[in-house]
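# Structure assessment
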Amino acid sequence: MTEENRRSLAIANAYSSSGDYVIANVRVTSIEPAQGLLHERIRLIPMGRFATDRVTPAVDLKLLVNSVSGKQTVVFPKGQRIFPVDVTTLLSGNQNRYPFDRYLSDVELVVTAQTQKANSLPEMTAEDDESDALASTLVIGTSDLNQNETIPIKENFVASLPGIKFGGNVTQQDPYKLMHATISIRRANNVISVSIVVMTVMFLLAISIMVMVLRVTASPGAINLIPLSLCIALIFGLPALRNVQPGVPAIGALSDYISFIWAEFIVSTSAVVLAWTWIVRSTREAVAKRGQ
């Protein structure tokens, strides 16, 4: 009942302005760990002298965002309704560590408005260039600021997806009024719990079948083939049980090397041992009957 509140993220930058600014509502729509992509939807709301109303800008607005698919620049013409923009940013992380995989993503925004005077990039030292390159993935050029002024941004960042836990913060980087949202992503606690339970069950099933096979092969009487049928059923049943894990990637993740691959190996080996034990004993009994 309270799982959504524990995994969701809703943050806003500490903001103070004279009333002339732009609200940027950013919402995460989906995540693709296999492709290393995070999808967001951005909606701008102009305020003060930049707005005719909440959906119509009074000047030409330009949004710059560090999107890796589509355009990094979106223009909202004066007097026309502002539409939401779908963008995609990169994820850094290793999906093969499921269910303990973690990711990081940076979402960076700059909004400019057309002005009559020409602006130039502030002078930057070599140290500033190096620190800016490490902290930012959105590069702002002279053409972006030519006859444009950067607008203060009040950013609201919201992320809520089943099975994913979000964390992070939003900061403003001068001198461009660039909004930088750093987002951390991992599996939700319930997903990790389910994965651990499934891994434990798979391993215990495999060990149980192996013990049954060892007892049957050690007994001097007739071979009971019920464990063999269980082994064959588990060979095809374990992949289905593995896929119960929410959002599990293709075979080869950390959880597979902990449990699934070993379970399949134990069950398959037990089936082969029991089958050949039955073959050897049946052959001996047939030879003994012929000798009599």
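Use the structure listed above.
Because the structure is predicted, anything quoted here is derived from the model rather than measured. (Residues numbered from 1 in each chain as written. Predicted model: local features only at pLDDT ≥ 70, side-chain atom pairs only at ≥ 80, totals over all residues. Heavy atoms only, no water.)

### As for the overall build of the protein
Within the protein, the regular secondary structure consists of six helices and 14 strands. Of all 292 residues assigned to the protein, the portion counted as buried reaches 40%. For the protein, restricting intrachain contacts to residue pairs at least 6 apart in sequence, the fraction spanning at least 24 positions comes to 68%. Approximately 15900 Å² of the protein is accessible, and the part contributed by carbon and sulfur atoms is 58%. (Helix = DSSP H or I, 4+ residues; strand = E, 2+ residues; numbered from the N terminus. Buried < 20%, exposed > 50% of the residue type's maximum accessible area, 1.4 Å probe, protein only. Contact = heavy atoms within 4.5 Å. Areas by Shrake-Rupley, 256 points an atom, 1.4 Å probe, with all protein chains shown as cover.)

### Notes on the sheet that holds strand β8 (residues 85-90)
Overall, mixed pairing links the five strands, which are arranged β1-β12-β2-β3-β8 in an open sheet. The open sheet has two edge strands with one neighbour each: β1 (9-12) and β8. Within the sheet, the average angular offset between the axes of one strand and its neighbour, ignoring direction, is 25 degrees. Here strand β3 (residues 37-46) runs beside β8; their pairing, made up of six bridges, is antiparallel. Along β8, the bridge assignment pairs Arg 41 with Asp 86. (Pairing = 2+ DSSP bridges. Axes fitted to C-alpha atoms, helices over the stretch in contact; angles between N-to-C directions.)

### Some points on the pairing of strand β12 (residues 153-159)
Each regular strand displays side chains that alternate between the two surfaces of the sheet. Side chains of β12 alternate between two faces, with Ile 153, Glu 155, Phe 157 and Ala 159 buried and Lys 154, Asn 156 and Val 158 left unburied. In this structure, β1 lies alongside β12, joined through four bridges in antiparallel fashion. Residue Ala 12 lies in a different strand from β12, and its bridge partner there is Asn 156. Strand direction decides the pairing type here: strand β2 (residues 22-32) and β12, joined by six bridges, are parallel. Looking at the pairing, Asn 25 lines up with Asn 156 of β12.

### With respect to helix α6 (residues 254-291)
Relative to the 56 Å expected for 38 residues at 1.5 Å per residue, α6 spans 55 Å between its end C-alpha atoms, a close match to the ideal helical length. Along α6, the sharpest change in direction is near 35 degrees and occurs at Phe 260. (Expected span 1.5 Å × (residues − 1). Bend = angle between axes of the 7 residues up to and from the residue.)

### What to know about helix α4 (residues 189-218)
Helix length check: α4 (30 residues) gives 44 Å between terminal C-alpha atoms against 44 Å at 1.5 Å per residue, within 8%. Inspection of α4 places Val 191, Ile 192, Ser 195, Val 198, Met 199, Met 202, Ala 206, Ile 209, Val 213 and Val 216 among the buried residues, and these make up the whole buried set.

### A closer look at the nonpolar core
Counting residues in hydrophobic clusters, the biggest one holds 37 residues, and the most contacted among them are Leu 44, Leu 109, Phe 157, Phe 166 and Ile 185. Not counting chain neighbours up to four residues away, the residues in contact with Ile 185 comprise Ile 31, Leu 38, Leu 91, Asp 101, Arg 102, Tyr 103, Ile 164, Lys 165 and Phe 166. Met 202, Cys 231, Ala 263 and Ala 271 belong to the second-largest nonpolar core, a separate cluster that totals 16 residues. (Core = buried A, V, L, I, M, F, W, Y, C linked by side-chain atoms within 4.5 Å.)

### Some details on the pattern of salt bridges
Overall, the coordinates contain six salt bridges when judged by the stated rule. With a shortest N-O distance of 2.6 Å, Asp 86 and Arg 41 are connected by a salt bridge. A residue pair is termed long-range when its members are at least 10 positions apart, and Asp 86 in strand β8 and Arg 41 in strand β3 qualify at 45 residues. Here Asp 256 ties to Arg 242 by a salt bridge, and the two come within 2.6 Å at their closest N and O atoms. Here the residue Asp 256 occupies a position in helix α6, and Arg 242 occupies one in helix α5 (residues 226-242), the gap between them amounting to 14 residues. (Salt bridge = Lys/Arg side-chain N within 4 Å of Asp/Glu carboxyl O.)

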